[in-house]
Amino acid sequence: MKYTVKNSTSNDIFYRIFENRRIDLKDVDDFLKPQKNCVTTPLIYRNMEEGFDLLKHHIENKSLILFVVDADTDGFCSSATFINYLRFSLKYTNVAYVFHEKKKHGLTKQIMSEIQRVQPDLVIVADAGSGDYKQHKELKEDGIDLLIIDHHECEEYSSDAIVINNQLSNGNYTLCGAGMVLKFLEYIDMRLLINQSEYYQDLVALALVADGMDMTELETRYYVLNGLRNINNPFLKQVVKEVDNPYEFIAYGIAPVVNAIIRMGEMKDKKDLFECMLYHNRKETINIRGKGIVEMPLAEYVVKLSERMKSRQTRQIDKILNSEDTIVINENYPFTILIHTDGTAQSLSGLIAGKVAEKYNKPTLVLREKIKDGMLVYGGSARSIRTFPNFKDYLVGSNKFQKCEGHQSAFGVNISADKLQEFLDEYMFRQLPISATNHIVDKAYRGDRGERVSAYEIAVVDGLKQHWSKGFEQAKFFIRLQDINSTDIKTMGADGRTIKIQDNGISFIKFKCTEEEVNTLTREGFKTIDIIGTFNINRWNNRNYPQVKIEEFEVTSHMDFDDVNSPFGYSPVEDDTKPFGYNPFKL
């Protein structure tokens, strides 16, 4: 088992964890409880004044403002935050919005057609569109003004639109689209001498976590914590619960609710979700098994709808992964490529890529065959992995792909059939520049020199559990358990696939073990077991039990009971030829 211990000069487990995440020890208190003084001025971002003047001009002229709602959680939250501010803080309601039919981004052909149909005076694109230079020019030539507020990488500022983008400014690079919308609203507050933008931080908090922004940046962290402390939006009031870790709850509990509707829903479903974020208080009806047609508030209806969408989504992903027509190219390559022909699954490419990357622990491309201009091409999504986070730059450097757009770890791709074959031929048997280390841990307990896990350290680490987030990932540890008797290892659960090892008053537990893992651990004898795991306190029946959750293990040595002999050539258990009380040291 290969691992590397992060370089830390502190022996204290608490400060060691912060030091390992590049957080200065003097900033720990600010990190745990960030205050409003963490918020930076919006003046550091270029085009704030130009954006304000443009918006002010159109509001004064009672112009029709059209929002392009980008097709992900951040996109929905970005536009909803801006529209809510216009409606409730500036009392401006001459606003319309359009949605992508599929999970697309920016000023697509469909969106450009919608703009021509609506004929607005001003188009606002939040969380996308910075690099759509051709479309910027078309809109300008049509006399339609364009304001873009974004956080995606692009080459340069547009000469045909007003673009506010933190990736082109010396500001907070960890803000998502909704975060940049909030900075623009803060600028409007400054110009109008009002204080309204803070009221809308709840949706911004959802977007920041859902979009995987780095939570070690104090301003970003403040927006999330303050937004969740002050929830005003009816949609969030319906879905947010009291939890140990708000970041994990949003990432795995709320964001999938939103994304399932965006990916799988019809246009009406997307409209219902968005208008729920816009404080619409109408009621909707839904058919519930055993109850028939039930009327309920829009927010509750949207949550019920999302549960159905998530089920449909899971079934469709399983269908693609298990289809005989799906091709997986993995062996002899440093990456995985999955090719499928399901035209209805375009919006699921990113999810599938994530699952495949996790399964094979390799950067992954998920491609769908399609015909474009009479040519066979492949389009889809790509995902990096922890040990190789720059997969996007790697693919761009091959000079084979027509498009690699998005973040380094998650992005969209397009490649022609002939270039794909060239790419496969050229990169077969190549090795990625990945570190040989599989695991990076905060501390290693090797069993020697008294280095053993203590209940105290587990309790200290457990006290940080509400802070685990992007950039401040959950602490991991290497633990070597020596001379573990098979009697100290128990199987649990109805299917016997949970393993519990007891050592020094601490439980080491692994869920969902394979049959091989169970057999390896429960084999009679004494073992040395290397473990990669996380610390937590198991609270049950008003008592606290220190626990290590095993992520991975390896039995590095094993000695059967039959092989355990005394230093004097006999087994004290099985050899009855010596009298009771026999002492070989007594002369």
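Notes on the structure follow.

### As for the overall build of the protein chain
Tallying secondary structure elements over the protein chain gives 18 helices and 22 strands in all. Along the longest, intermediate and shortest principal axes, the C-alpha atoms of the protein chain span 110 × 55 × 55 Å. By residue count, 50% of the 587 residues in the protein chain fall in the buried class. Within the protein chain, residue pairs in contact and separated by at least 24 positions form 65% of the contacts whose partners lie at least 6 positions apart. Taking the 74 positively charged and 84 negatively charged side chains of the protein chain as two groups, their mean positions are separated by 3 Å.

### Here's the deal with the layout of surface pockets
Approximately 380 Å³ is the volume found for the second largest pocket. The wall of the second largest pocket is formed by 18 residues, among which L225, L228, R229, E242 and P246 lie closest to the centre. Elements represented by at least two residues in the lining of the second largest pocket include exactly α9 (218–229) and α11 (246–264). Broken down by element, the lining of the second largest pocket gets its largest block of residues, four residues, from α11. Each residue belonging to the lining of the second largest pocket can be placed in one class, and the counts come to 11 nonpolar, two polar and five charged.

### Describing the sheet that holds strand β20 (residues 506–510)
Strand order in the open sheet formed by seven strands is β16-β17-β21-β22-β20-β19-β18, with mixed pairing between adjacent strands. A single partner strand is all that each edge strand has here, and the edge strands are β16 (443–445) and β18 (489–492). Strand after strand, the sheet turns through a mean of 35 degrees between neighbouring axes, direction not considered. Two strands pair when backbone bridges link them, and β16 and strand β17 (residues 477–485) are joined in this way by three bridges, in the parallel orientation.

### As for the environment of F411
Within the element layout of this structure, F411 appears in strand β14 (residues 410–416). Residue F411 is classed as buried on the basis of its relative accessible area of 3%. Between the alpha carbons of F411 and A96 there is a distance of 29 Å; along the sequence they are 315 residues apart. In this structure F411 touches G380, S381, A382, R383, S384, F391, K392, L395, C404, E405 and G406, once residues within four positions along its chain are discounted.

### A closer look at a positive patch on the surface
There is a patch of like positive charges on the surface, built from R289, K291, K304 and R308. Mapped onto the elements of the fold, K291 is located in the loop between β7 (283–288) and β8 (292–297). When its relative accessible area of 64% is taken as the criterion, K291 is described as exposed.

### Digging into the pattern of salt bridges
Applying the stated criterion to the full structure yields 28 salt bridges. R21 is the salt-bridge partner of D442, the closest N and O atoms lying 2.7 Å from each other. Here D442 is found in the loop between β15 (439–441) and β16, whereas its partner R21 is found in the loop between α1 (13–20) and α2 (28–32), with 421 residues between them in sequence. For the residue pair D442 and R21, the accessibility class agrees, reading buried in each case. With a shortest N-O distance of 2.6 Å, D272 and K268 are connected by a salt bridge. Of this pair, D272 and K268 both sit in helix α12 (residues 267–277), four residues apart, which is roughly one turn of that helix. The exposure class assigned to D272 is buried, which follows from its relative accessible area of 2%.

### Quick look at the packing of α11 against helix α13 (residues 298–321)
In the contact formed by α11 and α13, the axes pass within 8 Å of each other and the chain directions differ by 65 degrees. Between α11 and α13, the angle falls in the class roughly perpendicular. In this structure, α11 crosses over α13, and the sense of that crossing is left-handed. Judged by residue contacts, P256, V257, N259, A260, I261, R263 and M264 of α11 engage V302, L305, S306, M309, K310, R312, Q313 and Q316 from α13. For the contact of α11 with α13, the residue count by class is eight nonpolar, four polar and three charged.

### Topic: the pairing of strand β2 (residues 65–69)
Looking along a regular strand, one sees side chains alternate from face to face of the sheet. Counting buried residues along β2, five of its five residues qualify, which places the element largely inside the surrounding structure. Along β2, one buried face is formed by I65, F67 and V69 and the opposite face, lined by L66 and V68, is buried too. Here β2 runs beside strand β3 (residues 95–99); their pairing, made up of five bridges, is parallel. In the sheet register, I65 faces β3, and the bridge partner there is V95.

### A word on the nonpolar core
Judged by nonpolar contacts, the single largest core of 87 residues is most densely connected at F82 and F235. Per-element accounting of this core gives the leading share, 10 residues, to α11. Among residues more than four places away in sequence, those in contact with F82 are L55, F67, I124, I149, V181, F184 and L185. If you look at the next biggest cluster of nonpolar residues, it comprises 34 residues, including I17, L464, V548 and I550.

### Here's the deal with unusual backbone geometry
With the exception of glycine, the majority of residues adopt a negative phi angle, and the majority of peptide bonds are in the trans configuration. Notably, D373 is not glycine yet its phi reads approximately 55 degrees, a positive angle. As for its position among the elements, D373 is in the loop between β11 (364–372) and β12 (375–383). Backbone geometry at N542 places phi at a positive 60 degrees, although glycine is not the residue there. If you trace the backbone, N542 turns up in the loop between β21 (526–540) and β22 (543–559). Residue classification places N542 among the exposed positions, given a relative accessible area of 83%.

### Details of the environment of G412
Looking at the secondary structure, you find G412 in strand β14. With relative accessibility at 15%, the residue G412 sits in the buried group. If we skip the residues at most four places from it in the chain, G412 touches G380, S381, K403, C404 and E405.

Parameters and conventions
- Residues numbered from 1 in each chain as written.
- Predicted model: local features only at pLDDT ≥ 70, side-chain atom pairs only at ≥ 80, totals over all residues.
- Heavy atoms only, no water.
- Helix = DSSP H or I, 4+ residues; strand = E, 2+ residues; numbered from the N terminus.
- Buried < 20%, exposed > 50% of the residue type's maximum accessible area, 1.4 Å probe, protein only.
- Contact = heavy atoms within 4.5 Å.
- Lys, Arg positive; Asp, Glu negative; His and termini not counted.
- Charge placed at Lys NZ, Arg CZ, Asp CG, Glu CD.
- 1 Å grid on protein atoms, 1.4 Å probe; cavity = no way out; pocket = protein on both sides within 12 Å on 5 of 7 lines; lining within 4 Å.
- Points joined across faces, edges and corners; volume = space filled by probe spheres on them.
- Nonpolar A, V, L, I, M, F, W, Y, C, P; charged D, E, K, R; others polar.
- Pairing = 2+ DSSP bridges.
- Axes fitted to C-alpha atoms, helices over the stretch in contact; angles between N-to-C directions.
- Patch = residues over 30% accessible without salt bridge, like charges linked within 9 Å, V, L, I, M, F, W, Y side chains within 5 Å.
- Areas by Shrake-Rupley, 256 points an atom, 1.4 Å probe, with all protein chains shown as cover.
- Salt bridge = Lys/Arg side-chain N within 4 Å of Asp/Glu carboxyl O.
- Parallel < 35°, antiparallel > 145°, perpendicular 65-115°, else oblique.
- Left-handed = near helix turned anticlockwise from the far one by under 90°.
- Core = buried A, V, L, I, M, F, W, Y, C linked by side-chain atoms within 4.5 Å.

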